[in-house]
Amino acid sequence: MELTFRYAQESDTALILEFIKELADYEKMLDEVVATEALLKDWLFGQKKAEVIFALADGKEAGFALFFHNFSTFLGRAGIYLEDLFVKPDYRGKGIGKAILKKLGAVARERGCGRLEWWCLDWNQPSIDFYRSMGAEAMDEWTVYRISGERLNELGDAGDK
C-alpha cells in the first residue's frame, strides 16, 4: 500500500463533512453534528481558521486530520491542536493513524511549533492505547471547560455592556 498525504482544497468540503460525520458516528455523537458544507467552506477556506490533511492509501482518502494553531504563553510560540483524527474502518490497523500523527509532527516541526496536542474521549480505550504507544501523555491534571450555545450568547451580551 502506498501512503501519501495532501492538504484539503475547497473542492473537498463535502468529503471533509463526510469524514466528520463518520467520526461523530464512531464517537456516538452524530446527532451533535450541525456543521454544513457552507459553514466548513467559510471557516476552513474563507476564514482559514483550520486545516485538513488527508491520508491517501493507494490514491484513495483513507483518513483525515483537522487541526489549527493554538498558542502557549509559557513556550512563547504556537502549537498545533488536533481537533479530529479519523481513519476509515477498512483502513485501520495498517499504520495510517500513526502516519498521520507523524505527518502532523513534521508539520509542527517545520512551522517551529512547541507542541502537538488533542483531546480523547475517556471511554475510547483503543485510541488511548494508540496515543500512548506513540509516546503521548495524558494531561490528567487539567480539566476542560466549555461555554457554548445560549450560555455563550449570554456571556457575549454581558461583555458588550
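In this report, the structure presented in the accompanying data block is examined. (Residues numbered from 1 in each chain as written. Predicted model: local features only at pLDDT ≥ 70, side-chain atom pairs only at ≥ 80, totals over all residues. Heavy atoms only, no water.)

## Notes on the overall build of the chain
Note the following rule: A helix here means a DSSP run of H or I that spans at least four residues, while a strand means a run of E at least two residues long, and both kinds are numbered starting from the N terminus. Radius of gyration means the value over C-alpha atoms here, while the globule rule gives 2.2 Å times the residue count to the 0.38 power. The cut-offs for exposure are 20% and 50% of the maximum accessible area for each residue type, with area from a 1.4 Å probe on protein chains only; residues under the lower value are buried, those over the upper are exposed, and the others partly exposed. Here, two residues are considered to be in contact whenever any of their heavy atoms come within 4.5 Å of each other. Methods summary: accessible areas were calculated by the Shrake-Rupley approach with a probe of 1.4 Å, and residue burial reflects only the protein chains presented.
Of regular secondary structure, the chain possesses 5 helices and 5 strands. From first element to last, N terminus to C terminus, the chain shows the α and β order β-α-α-β-β-β-α-β-α-α. Its C-alpha radius of gyration of 17 Å places the chain within 12% of the 15 Å reference for a compact globule of 161 residues. Principal axes of the C-alpha set define a box for the chain whose edges measure 60 × 35 × 35 Å. The burial tally for the chain puts 32% of its 161 residues in the buried class. Considering only contacts in the chain between residues 6 or more positions apart, those separated by 24 or more positions represent 60%. Split by element, the accessible area of the chain, about 10,700 Å² in all, is 52% carbon and sulfur.

## Description of the nonpolar core
In plain terms, the rule: Side-chain atoms within 4.5 Å are what join buried Ala, Val, Leu, Ile, Met, Phe, Trp, Tyr and Cys residues into a set we call a nonpolar core.
Counting 19 residues, the largest nonpolar core has Leu85, Ile96, Ile100 and Leu104 as its most contacted members. Counting residues per element, this core draws most heavily on helix α3 (residues 96-110), at 6 residues. Setting aside residues up to four positions removed in sequence, Leu85 forms contacts with Leu23, Phe64, Ala65, Ile100, Leu101, Phe130 and Tyr131. Ranked by size, the runner-up nonpolar core spans 17 residues in total, among them Leu17, Leu23, Phe45 and Leu56.

## Quick word on the sheet that holds strand β3 (residues 60-72)
We apply this condition: Strand pairing follows a simple DSSP-based rule, namely that at least 2 bridges must link the two strands. The convention used is that axes are lines fitted to C-alpha atoms, helices contributing only their stretch in contact, and that angles between N-to-C directions extend from 0 to 180 degrees.
Within the open sheet, the 5 strands sit side by side as β1-β2-β3-β4-β5. Their pairing is mixed. Across the chains shown, the open sheet's two edge strands, defined by having one partner strand only, are β1 (3-7) and β5 (116-118). Pairs of neighbouring strands in the sheet enclose a mean axial angle of 30°, with direction left out of account. In terms of strand pairing, strand β4 (residues 77-87) meets β5 through 3 bridges, oriented parallel. Residue pairing for β5: Tyr81 is matched across the bridge by Glu117.

## Points about the pattern of salt bridges
A side chain of one charge can pair with a side chain of the opposite charge when the charged atoms of the two come close. Condition: Salt bridge, as used here: a side-chain nitrogen of Lys or Arg that lies within 4 Å of a carboxyl oxygen of Asp or Glu.
In the structure shown here, the tally under the stated rule is 6 salt bridges. Here Arg6 ties to Glu61 by a salt bridge, and the two come within 2.7 Å at their closest N and O atoms. Taken as a pair, Arg6 in strand β1 and Glu61 in strand β3 lie far apart in primary sequence, 55 residues in all. Its relative accessible area of 24% is what places Arg6 among the partly exposed residues. With a relative accessible area of 18%, Glu61 lands in the buried category. As a salt-bridge pair, Glu18 and Lys88 come within 3.1 Å of each other at their nearest N and O atoms. Pair noted here: Glu18 is in helix α1 (residues 13-26) and Lys88 is in the loop between β4 and α3, with a separation of 70 residues, a long-range link.

## Here we look at the pairing of β4
Here is the rule we go by: If the strands point away from the viewer and the path from the first strand over the helix to the second runs clockwise, then the crossover is right-handed.
Within β4, 8 of the 11 residues are buried, which leaves the element mostly enclosed by the surrounding structure. As judged from the 10 bridges shared by β3 and β4, these two strands associate in the antiparallel manner. Note on β4: the bridge partner recorded for Ala65 is Leu85. The turn linking β3 back onto β4 is made up of 4 residues, and Gly76 within it adopts a positive phi angle of 75°. Traced from β4 through α3 to β5, the parallel crossover comes out right-handed.

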